[in-house]
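What follows is each chain in one-letter form.
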Amino acid sequence: MTATGEPCDRGEVVCDGDVAKVCDGLGGFSEETPCPGACIAGIGCADCEPGRATCDGETLKLCDDDGSEEHEVECDGVQGLSCDADSRKCVGACAPDVLGASSLGCDFYPTVTANGVKDKFAFAVVVANAGDAPANVEIDKGAALVLMDTVAPHSVAVFELPWDPELKTDGAPPTSLHDVDGAYRLRTDAPVTVSQFSSIDFGVEPLDMAASNDASLLFPAHAWSDDYVVAAYNSLFYDADDEKPGFYAVTASEDGTTVTVSPSATGDDVLPGAGVQPDGTGQVVLDRGDVLEVFSRRTGQNPSTADVTGTRITADKPIQVIGGHLCTQVPHGIKACDHLEESMLPFHTLAEQYIVAAPKSTLAGLPRHQLVRIIATEANTQLGYDPPQPGAPTTIAEAGGYVEIAATDRDFRVTASAKVVVAQYMRSQNNGGGLGDPSLLLAVPTEKFRDSYLFYMPSGYEGNFVSIVAPAGAEVTLDGLAVAGFEPIGGTSYGVARVDLGEGAAGQHTVAADVPVGVSVYGTGFCTTYWYHAGLDLGPAAD
């Protein structure tokens, strides 16, 4: 019967409270079903009321439009988020739609990677709070609370964390591995920028130095992607029993994340383990905080065939990918080796044009020679350079393949016919470029530059530099002082300033500009270097 008392059509579903009734067309019902959830007229029993949003403490419950399923979203109180049923969102300064896609965020996963440095030299994260309010910090590892602290407004704080011995590995690792709860989770209740240093110590004298250092900007979990291309470096062999591999490390932020790895032509020779085969293929399921670390290995006679560079990593949920090397010479055969690590850019952030600016040397302030590696995402990728780079490769034959400019101290723009990854490697100290050994930095598309940065430089390094890439006419300050002396880059509209901050540069620094600029930070000392970006945007690149 309908609400008016008239017989309903045969087969029509009506609701009597939470009981679904099927009309027989004669004024009665052919079927009556008590609903454990909601009863929807015309539909019948549903798991929930279609389109309804409710709050259960910090949990936002969202019902599908057809009532078939109710989804739960955690409004993380550690990040200062609260549930708002009216907007159907978690709200607060750390909400993803408020933050946008950039290196600024509230939920990060610092991840130790393979490094042979002594344990007495510390792994550390640096939290930069450029906001006007304090940022409360909580760091966990699995279910264990590691620390809680506060970072004052317009300040940075350094937090030393224990090494994860399985991921650090020290020497030649025996296998690729799945480290359960291997990553730290760092959360704040105000937007911050986070970088990690492996290790952060330089040392007090040449005989007691870390000598295996690098740094990487970390990306917040809300800005992660499900698709990456790896930049690493070839396995290094000191002798037959001493292999130092390149690697990639994948971290998940959600339980049940299925990761699929597809090797490049040089990435098909890896240490098997954790579901990854010797040919570099594999599929691995990670839970929140788990890390998959995969290492290159050599089975033939040519070390250049052992390199996970170009490997494509995809997942059914967002992931973080860090590429690098336990300790490598650049190029092989010229001392000394140093640790490499860098957060990989999401595939959608990759572009077809990049500015490549050489770092600065400790020798008379000259640009330092670097190796530049360009990695293709599509077959038959064509390359061009401004200004022209004599002898530079102009074609990459296959997706995942790469070409190199082995040694250059020039600044240039590289243009490709399809998306590419552009990796910059400082060369080893005995190449004659002054103090400092290899470090890895990925070039950032100019459209991903920002107009303000707060960053940190550790102590002990003899060379302390900031490179700023800016469009012509930009007004830029470093620590409140105007930056001058930008050197034009070919026929582009960009120039680069390499600022030497001297030996007393340890601590926090700021860059501000009237237009977006790119900022990289690096320190060089006897047989070691670190190099990282101060920040960037992470949204899709323009077509």
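Anything mentioned here points back to the structure above.
Structure report, in brief. (Residues numbered from 1 in each chain as written. Predicted model: local features only at pLDDT ≥ 70, side-chain atom pairs only at ≥ 80, totals over all residues. Heavy atoms only, no water.)

### Re the overall build of the protein
Spelled out, the test is: Runs of H or I in DSSP of at least four residues are treated as helices and runs of E of at least two as strands, each being numbered from the N terminus. We compute the radius of gyration from the C-alpha atoms alone; for a globule the expected value is 2.2 Å times N to the 0.38, where N is the number of residues. Exposure classes here rest on a 1.4 Å probe applied to the protein chains alone. A residue is buried below 20% of its type maximum, exposed above 50%, and partly exposed in between. Note on contacts: a residue pair is in contact if any heavy atoms of the two residues lie within 4.5 Å. Each accessible area value is a Shrake-Rupley result obtained with a 1.4 Å probe; residue values ignore everything except the protein chains displayed when judging cover. Asp and Glu count as negative and Lys and Arg as positive, but His and the ends of the chain are not part of the count. The atoms used to mark charge sites are NZ of Lys, CZ of Arg, CG of Asp and CD of Glu.
Regarding its fold elements, the protein presents 2 helices and 42 strands. Expected size for 543 residues packed as a compact globule is a radius of gyration near 24 Å; at 27 Å, the protein falls within 12% of this value. Over its C-alpha atoms, taken along the principal directions, the protein stretches across nearly 95 × 55 × 50 Å. Buried positions account for 55% of the 543 residues belonging to the protein. For the protein, the proportion of contacts with a sequence separation of at least 24, taken over those separated by at least 6, is 71%. For the protein, the computed accessible surface area is about 20700 Å², with 49% contributed by carbon and sulfur atoms. Charge centroids of the protein, computed over 29 positive and 78 negative side chains, lie 6 Å from each other.

### Details of the packing of aromatic side chains
For clarity, the cut-off: Between rings of Phe, Tyr and Trp, where Trp is taken as its six-membered ring, a pair exists when centres lie within 6.5 Å; planes separated by under 30 degrees are stacked, by over 60 edge-to-face, and by other angles tilted.
The final tally for this structure, using the stated rule, is 13 aromatic pairs. For the pair F197 and Y530, a centre-to-centre distance of 5.6 Å together with 65° between the ring planes defines the contact as edge-to-face. In this pair, F197 sits in strand β17 (residues 185-198) while Y530 sits in strand β42 (residues 528-533), placing the two residues 333 residues apart along the sequence. The two residues F197 and Y530 agree in class, both being buried.

### Things to note about the state of the cysteines
As a reminder of what qualifies: For this text, the term disulfide refers to a pair of cysteine sulfurs within 2.5 Å.
Using the criterion set out here, one finds 8 disulfides in the structure. In this model C35 forms its disulfide with C45; the gap between the sulfur atoms is 2.0 Å. Across the disulfide from C35 to C45, rotation about the S-S bond amounts to roughly -85°, and the bridge is consequently left-handed. With C35 in the loop between β3 (29-34) and β4 (38-40) and C45 in strand β5 (residues 44-46), the pair connects residues that are 10 residues apart, well separated along the chain. A sulfur-sulfur separation of 1.9 Å characterises the disulfide bridge that pairs C55 with C83. Taking the sign of the torsion about the S-S bond as the criterion, the disulfide between C55 and C83, at about -85°, is left-handed. Taken together, the positions of C55 in strand β6 (residues 53-56) and C83 in strand β9 (residues 82-84) put the pair 28 residues apart, joining distant regions of the chain. The class for C55 is partly exposed, based on a relative accessible area of 36%. On the basis of relative accessibility, which here comes to 18%, the residue C83 falls in the buried class. C527 takes part in no disulfide bond, and the closest cysteine sulfur to it belongs to C337, at a distance of 9.4 Å. By relative accessible area, C527 is classed as buried at 16%.

None of the figures reported here should be taken as evidence of function without further support.
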